[in-house]
Amino acid sequence: MRDAATTLSALLLAIANGADPEAEQARVEQAGWRRKVAAVDGYDRTAVTDLAERIDRRVRELEGTP
């Protein structure tokens, strides 16, 4: 999950560093994901799996893959 979160963070930061109107939204989204990853209970397998799936889904959206 942490590797996927790092990938997601890099994708969002690439958007955030641009001058697009989406840049601010990407910064806010990236901060939200960072909080979610930090808050997940590493001993709760269901919570970790759920968050990992959500992160993977968002990475695929940003990469444009189905």
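Refer to the structure above for everything that follows.
Residues numbered from 1 in each chain as written. Predicted model: local features only at pLDDT ≥ 70, side-chain atom pairs only at ≥ 80, totals over all residues. Heavy atoms only, no water.

This brings us to the nonpolar core. Leu8, Leu12, Trp33, Val37, Leu51 and Ile55 are the most contacted members of the largest nonpolar core, which has 13 residues in total. With 5 residues, the top contributor of residues to this core is helix H1 (residues 2-16). Not counting residues within four places of it along the chain, the set of residues in contact with Leu51 comprises Met1, Trp33, Lys36, Val37 and Val40. (Core = buried A, V, L, I, M, F, W, Y, C linked by side-chain atoms within 4.5 Å. Buried < 20%, exposed > 50% of the residue type's maximum accessible area, 1.4 Å probe, protein only. Helix = DSSP H or I, 4+ residues; strand = E, 2+ residues; numbered from the N terminus. Contact = heavy atoms within 4.5 Å.)

Using the criterion set out here, one finds 4 salt bridges in the structure. Of the charged contacts in the structure, one is a salt bridge between Glu24 and Arg27, with a shortest N-O distance of 3.1 Å. Taken together, the residues span about one helical turn, with Glu24 and Arg27 both in helix H2 (residues 22-39) at a distance of 3 residues. Given the relative accessible area of 38%, Arg27 is considered partly exposed. Salt bridges here are not isolated pairs; linked through shared partners, they connect Glu29, Arg58 and Glu61. (Salt bridge = Lys/Arg side-chain N within 4 Å of Asp/Glu carboxyl O.)

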